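Summary of structural features
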Amino acid sequence: MELLEKIISLSKRKGFVFQSSEIYGGLNGCWDFGPLGVELLKNIKDEWWKAMTYRDNIEGLDASILMHPRTWDASGHTVQFSDPMIDNKTTKKRFRADNLIEEEIQKLLKKGKTEKAAELEKKLESAKENEDYYNIIIEADIHDSGSREWTEVKNFNLMFKTFVGPVEDSSNTVYLRPETAQGIFVNFKNVMESGRQKIPFGIAQIGKAFRNEINTKNFLFRTREFEQMEMQYFVKPGTEKESFEHWQKERWNWYVSLGMKEENLRWHDHEKLAHYANFASDIEFKFPFGFGEMEGIHSRTDFDLLKHQEYSGKKLEYVDTVNGDRFVPYVIETSGGVSRSFMAFLCNAYEEEVIRDGEKEDVRTVLRFHKKLAPIKAAVFPLVKKDGMPEIAKEIFNDIQTTFKAQYDESGAVGRRYRRQDEIGTPYCITVDGQSVEDGTVTIRDRDTMDQFRIHKDEVLAYLKSNI
Ligand code: ATP
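Quick caveat: nothing in here was measured; it's all calculated off a predicted structure.

Some thoughts on the overall build of the protein
Tallying secondary structure elements over the protein gives 16 helices and 23 strands in all. If one aligns the C-alpha atoms of the protein with their principal axes, the spans along those axes are about 75 × 65 × 50 Å. When the accessible surface of the protein is split by element, carbon and sulfur atoms take 48% of a total near 23100 Å². Of note, the protein has its 68 positive side-chain charges centred 2 Å away from the centre of its 79 negative side-chain charges.

Observations regarding the sheet that holds strand E20 (residues 406-408)
Across the sheet, which stays open at both edges, the five strands sit in the order E20-E19-E21-E22-E23 with mixed pairing between neighbours. Looking at the sheet topology across the chains shown, the edges are occupied by E20 and strand E23 (452-456). Sheet twist, expressed as the mean angle between neighbouring strand axes with direction ignored, is 25 degrees. One ladder, built from four bridges, connects strand E21 (residues 428-432) with strand E22 (residues 441-446); its direction is antiparallel.

A short note on a negative patch on the surface
Taken together, Glu102, Glu121, Glu125, Asp269 and Glu271 make up a surface patch of like negative charges. Position of Glu102 among the secondary structure elements: in helix H5 (residues 97-110). With a relative accessible area of 37%, Glu102 lands in the partly exposed category.

Some words on the packing of aromatic side chains
Evaluation of the coordinates by the stated rule reveals 24 aromatic pairs. Taken together through their ring pairs, the aromatic side chains of Phe185, Phe188, Phe201 and Phe234 make up a single cluster. The ring of Phe221 has Arg340 lying over it, and the distance from NZ or CZ to the ring centre is 3.8 Å.

Side note on a positive patch on the surface
Among the surface-exposed residues, Lys107, Lys111, Lys113 and Lys116 lie close enough to one another that they form a single positively charged patch. Here Lys111 is to be found in the loop between H5 and helix H6 (114-126). Look at Lys111 and you get exposed, because its relative accessible area is 59%.

Digging into the site of the ligand
Neighbouring the ligand are 17 residues, the closest being Glu213, Arg222, Thr223, Glu293 and Gly337. Contact between the ligand and Gln228: an oxygen atom at 3.2 Å from a side-chain N or O atom of the residue. Met294 is positioned such that a nitrogen or oxygen atom in its backbone is 2.9 Å from an oxygen atom of the ligand. Counting only elements with at least two residues in the shell around the ligand, the list comes to strand E10 (225-235), strand E13 (290-301) and strand E16 (330-337). Considering each element in turn, the shell around the ligand owes the most residues, four residues, to E13. When its residues are assigned to classes, the shell around the ligand shows four nonpolar, six polar and seven charged.

Here's the deal with the domain arrangement of the protein
We note that the domain assignment places domain 1 (2-62 + 181-346) and domain 2 (376-467) within the protein. Measuring from the centre of the C-alpha atoms in domain 1 to the corresponding centre in domain 2 gives 37 Å. Contact residues are listed per partner, giving seven residues for domain 1 and seven residues for domain 2. Counting the surface lost from both domain 1 and domain 2, the interface buries some 520 Å², and carbon and sulfur atoms represent 58% of this. Summed over the three residues of domain 1 that lose the most area to domain 2, namely Lys14, Leu36 and Glu39, the buried surface amounts to 65% of that side. Connecting domain 1 to domain 2 are two salt bridges. The partner of Glu423 in a salt bridge is Lys14, and the shortest N-O contact between them spans 3.3 Å. The interface formed by domain 1 and domain 2 includes two residue pairs in polar contact (both at pLDDT 80 or more). Those elements giving two or more residues to the side of domain 1 that touches domain 2 turn out to be helix H1 (3-14) and helix H2 (35-53). Its residues assigned to classes, the side of domain 1 that touches domain 2 comprises three nonpolar, one polar and three charged.

Cut-offs applied
Residues numbered from 1 in each chain as written. Predicted model: local features only at pLDDT ≥ 70, side-chain atom pairs only at ≥ 80, totals over all residues. Heavy atoms only, no water. Helix = DSSP H or I, 4+ residues; strand = E, 2+ residues; numbered from the N terminus. Areas by Shrake-Rupley, 256 points an atom, 1.4 Å probe, with all protein chains shown as cover. Lys, Arg positive; Asp, Glu negative; His and termini not counted. Charge placed at Lys NZ, Arg CZ, Asp CG, Glu CD. Pairing = 2+ DSSP bridges. Axes fitted to C-alpha atoms, helices over the stretch in contact; angles between N-to-C directions. Patch = residues over 30% accessible without salt bridge, like charges linked within 9 Å, V, L, I, M, F, W, Y side chains within 5 Å. Salt bridge = Lys/Arg side-chain N within 4 Å of Asp/Glu carboxyl O. Buried < 20%, exposed > 50% of the residue type's maximum accessible area, 1.4 Å probe, protein only. Phe/Tyr/Trp six-rings, centres within 6.5 Å; stacked < 30°, edge-to-face > 60°. Lys NZ or Arg CZ within 6 Å of the ring centre and 35° of its normal. Near = heavy atom within 4 Å. Polar contact = N/O pair within 3.5 Å; in protein donor to acceptor, adjacent residues only side chain to side chain. Nonpolar A, V, L, I, M, F, W, Y, C, P; charged D, E, K, R; others polar. Domains from an automatic or database assignment. Contact = heavy atoms within 4.5 Å. Buried area = accessible area lost by both parts, 1.4 Å probe.

Dropping the structure here:
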């Protein structure tokens, strides 16, 4: 089985991720996080929140998903937030034109046709208009199941539309936000003034975003509903390069500090910059299907604040109290997907380890999550379901649960119970045995080293606290 399939299957079996409304056949591009998934998701968000906002010059925000529709005129989303779409007339399948070409490049690479792939890559990099995509598709003889009957390439706006109130007309149209960033820009003044912030300062937000993606695929990588963790850092014009480089380092180190292997990460500097950006670089993760963006660091100049100033008629300036300078700040943005990094952390942690016991060879599946991210921090087992062991185990379990998410398991052989916990990445297993009844000591087993040692039952919680 391919790695991605294994991860999807483990995710379902263990309760990390389910298909949305599965009993009705699922809804494309939407996923539900199960009991373990929700813990992992929450741990990622908590770590991000602490790293980004527990400092003196970054404030938190939770803006609403529905915003005044003028927001999206100002940001350019109503006109420009679209992807190039192409349909195949025979197979009736719809594709994102740039993705279709990218897939062709991957196919060529697999066949060893590197020159042709490089040529196509170059053409794709320089494509700007829909017509350019169309011409590339025709010239490269791209087909879908043998059919070359393509429509022209059209723009497809990715924003989900809905209505406020009972009347469904255009004056009541609102959009589900396609990014959390605009909620931050429109609150720039509110946050700066209420937080008495001086430049440079940042505003951070975690929240849902919605995009009516043309093709959803690769599990959580591209979905229609997802969560973002974004921070907009407001700086004095002219200092943006320095700040951009600072945030590049900070964000890279954040992933590494949570166990991301550096060989799984790389930078991708944008050559084709968005209309608002003067520098942009992505942190990419090596997913089972290849490297893909996990977080973007963008220098957005004063584009957004100037636009909102123009469309709202409200001044969005900063006044330097020392020298009286007035200016519209520049913005450095760090924009990451929660569910994309959830998937990256899952892939990064997944390992099938061969264990040798004399002649015997065995494979254990283990999720080597960083302890801070592991959904379950500890599992408690009584060796057998009698002789006072369950009572002691329950007592330890209840004690741990005052602070950490834990599991209690008394079914099956202890070896199997260890494996169940390895598969979900639990860092510590605590076993209560006959000796525990006599002297109050229990075994702690480490997920990664599989080492076991004894400590007193009253010290278990303190041990977990100092090690997690
Ligand atoms: P792409 O080119 O892959 O469509 P993007 O460059 O438009 O992505 P941004 O607008 O910069 O992405 O969004 C910031 C982050 O939000 C991305 O790095 C990604 O982690 C996350 N993200 C964006 N779109 C999706 C999606 N459809 N599903 C899951 N996460 C997403």
